[in-house]
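Structural overview
As a plain string of letters, each chain reads:
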Amino acid sequence: MATTGLMSTYRQMDVAFEKGEGVWLFDTEGNKYLDAISGIAVCGLGHCHPKITRVIQEQAARLVHTSNLYRITNQELLGKKLCEVSGMDAVFFGNSGAEANECAIKIARLYGHGKEIDKPTIIVMDHSFHGRTLATLTATGSRKVQAGFEPLVQGFVRAPYNDLEAVRTIASNNPKVVAVLVEPVQGEGGINIASDAYMQGLRAICDEHGWLLMLDEIQTGNGRTGTYFAYQQMGFVPDVVTTAKGLGNGMPIGACLARGPASTTFKPGNHGSTYGGNPLVCGVALAVVDTIVSEKMPARAKALGERILQGFRAQLEGAEYISEIRGKGLMIGIELKEPCAELVMLAKTQGLLINVTADKVIRLLPALTMSDSEADQLVSTLSKLIKIWAADERTKPRR
Ligand SMILES: *Cc1c(COP(=O)(O)O)cnc(C)c1O
């Protein structure tokens with residue numbers, strides 16, 4: 001029996017925070033932590049950014065919710081702004097990343113049926129993560145996420161990540177394919193970075209076959225990788241792009257952006273959400289996007305990411321326990337040769353919040369507002385900790 005009154009869906013650490021400021025969190029016992037994970041890439045502007053806090057307060061006092069039975073000015077303003085920033089034509093707003101991807105999947109299916117393809121199929125990748133709803137967990141390339149929830153949703157076919165030949169092979173064998181859904185950097189999968197050539201190649205294959213190229217930028221978007229969306233440093237535009245996480249800086253919002261035919265597949269009645277795009281979340285997200293763009297935060301993310309990567313490489317590269325140190329902007333992965341989940345607890349005792357994903361990859365997703373000295377503190381604290389942990393590992397009996 002759970003003692004918290006909650007379903008036991010999460011393996012939680014025994015700490016609760018009561019205050020946040022920039023990259024710092026304060027727990028209920030008065031301890032201070034450097035947050036290098038930002039609520040899993042959500043609080044890109046840091047905790048309780050003063051401008052965002054003011055917008056939350058003002059909008060909450062003016063109007064929170066009316067439903068999509070009526071026009072919502074903030075939703076229209078945010079839609080326009082996101083289209084301008086992304087080069088897309090239209091947006092649908094939901095409340096989470098998974099919902100943004102559900103929207104993309106529905107667009108792909110309608111688009112396919114429009115071409116008289118009776119069982120429209122979407123190509124998805126190994127080690128991907130697209131969410132926890134039935135369709136998005138089916139799209140996810142992890143048995144752990146799927147196990148126990150069969151029967152899974154039909155209409156997905158899987159390819160290895162960063163492997164263009166595999167997609168070409170599917171193209172020549174499967175006439176039902178209508179779209180490709182892919183992350184430019186796999187976050188949950190272990191900070192796996194797609195090459196520009198791979199992403200450009202996907203664009204070319206999609207063009208050749210009339211497929212939709214759908215990018216899941218839920219984690220990579222909103223400035224984190226060095227441009228507002230990651231594809232903007234690869235020289236092409238997708239047909240559909242989904243985002244969430246950093247878009248609301250903590251307000252629950254997801255967006256599915258589309259261009260060309262994909263932007264006009266839905267007709268009234270095809271899709272909807274009661275809360276989606278309400279005046280409060282859209283007012284806040286508008287301030288988030290404005291801040292990211294006007295303060296040139298994507299460029300800052302790139303520079304800061306390079307500084308952090310260089311720092312870790314100087315400290316750790318070549319050590320026998322390190323597999324690889326990699327990153328794109330402020331998505332940084334340090335892959336070790338051994339499972340290293342216990343580093344999360346050890347880091348917490350040092351006042352540092354990190355994440356480990358794919359068993360062996362330390363994942364860092366710091367706020368775009370982190371200062372150089374805070375970044376240096378992150379590098380030195382974590383490098384020291386990894387060295388101590390690795391020395392301890394060596395003296396432990398082998399598993
Ligand atoms: C977090 C994430 C999702 C799911 O978002 P939720 O808001 O948890 O539903 C989907 N795709 C990617 C790439 C993510 O990082």
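Residues numbered from 1 in each chain as written. Predicted model: local features only at pLDDT ≥ 70, side-chain atom pairs only at ≥ 80, totals over all residues. Heavy atoms only, no water.

**Describing the site of the ligand**
The line we're drawing: Here a residue is considered near a molecule or strand provided that any single heavy atom belonging to it is located within 4 Å of it. Polar contact is the term for a pair of N or O atoms within 3.5 Å; when the atoms are in protein, one must be able to donate a hydrogen and the other to accept it, and sequence-neighboring residues count only if both atoms are side-chain atoms. Areas reported here follow the Shrake-Rupley algorithm with a probe of radius 1.4 Å; residue values treat only the protein chains shown as occluding. Counting from the N terminus, the helices are DSSP H or I runs at least four residues long and the strands are E runs at least two residues long. Residue type decides the class: Asp, Glu, Lys and Arg count as charged, Ala, Val, Leu, Ile, Met, Phe, Trp, Tyr, Cys and Pro as nonpolar, and the leftover types, Gly among them, as polar.
Close contacts around the ligand come from Ser96, Gly97, Ala98, Asn101, Phe129, His130, Gly131, Glu183, Asp216, Ile218, Gln219 and Lys245, and that covers them all. Separating a nitrogen atom of the ligand from a side-chain N or O atom of Asp216 is a distance of 2.7 Å. When the ligand sits alone it has 380 Å² of accessible area, and the protein chains cover 81% of it. In terms of residues, the shell around the ligand owes the most to one element, helix 4 (residues 97–114), which gives three residues. Of the residues assigned to the shell around the ligand, the class counts are three nonpolar, six polar and three charged.

**Regarding the packing of aromatic side chains**
Applicable threshold: Note on ring pairs: Phe, Tyr and Trp rings are taken, using the six-membered ring of Trp, and paired if centres are within 6.5 Å. Classes follow the plane angle, with under 30 degrees stacked, over 60 edge-to-face and the rest tilted. Classification of residues uses two cut-offs on accessible area relative to the type maximum, computed with a 1.4 Å probe and protein chains only: under 20% is buried, over 50% is exposed, and between them is partly exposed. By definition here, charges over rings are those cases where NZ of Lys or CZ of Arg is within 6 Å of the ring centre and within 35 degrees of the ring normal.
Summed over the entire model, instances satisfying the criterion amount to four aromatic pairs. Taking 5.9 Å as the distance between ring centres and 70 degrees as the angle between the ring planes, the aromatic pair formed by Tyr161 and Tyr198 counts as edge-to-face. Here Tyr161, found in the loop between strand 6 (156–159) and helix 7 (164–173), pairs with Tyr198, found in helix 8 (residues 196–209); they are 37 residues apart in sequence, far enough to count as distant. Between Phe229 and Tyr231, the aromatic rings sit 5.8 Å apart at their centres with planes inclined by 5 degrees, giving stacked as the arrangement. Comparing Phe229 with Tyr231, the two get one shared label, buried. An aromatic cluster of three or more residues is present, and its members are Tyr228, Phe229 and Tyr231. Across from the ring centre of Phe26, 5.2 Å away, lies the NZ or CZ of Lys19, which sits over that ring. The ring centre of Trp24 lies 4.3 Å from the NZ or CZ of Lys32, which sits over that ring.

**Remarks on the nonpolar core**
Spelled out, the test is: Definition of nonpolar core: a set of buried residues of the types Ala, Val, Leu, Ile, Met, Phe, Trp, Tyr and Cys, connected through side-chain atoms within 4.5 Å.
Formed by 88 residues in total, the largest nonpolar core has its most connected members in Val182, Ile308, Phe312, Ile354, Ile362 and Leu382. Sorting elements by how many residues they give to this core places helix 9 (residues 279–294) first, with 10 residues. Listed in part, the 21 residues of the second largest apolar core include Val124, Leu181, Met214 and Ala258.

**Points about the sheet that holds strand 13 (residues 322–328)**
The strands that make up a sheet are held in pairs by hydrogen bonds between backbone atoms, and each pair lies either parallel or antiparallel. Selection rule: We treat two strands as partners when DSSP finds at least two bridges between them. Note on definitions: angles span 0 to 180 degrees between N-to-C directions of axes, and those axes are lines fitted to C-alpha atoms, for helices only across the stretch in contact. Whether two residues touch is decided by their heavy atoms; if any such pair falls within 4.5 Å, the residues are in contact.
Read from one edge of the open sheet, four strands run 13-14-17-16, paired in antiparallel fashion. Across the chains shown, the open sheet's two edge strands, defined by having one partner strand only, are strand 13 and strand 16 (355–357). Sheet twist, expressed as the mean angle between neighbouring strand axes with direction ignored, is 25 degrees. Pairing of strand 14 (residues 331–336) with strand 17 (residues 361–364) involves four bridges; the strand directions are antiparallel. Bridge assignment links Ile332 to a residue of strand 17, and that residue is Leu364. Sitting on the sheet, helix 10 (residues 297–316) is in contact with strand 13, strand 14 and strand 17, with an inclination near 170 degrees to strand 13.

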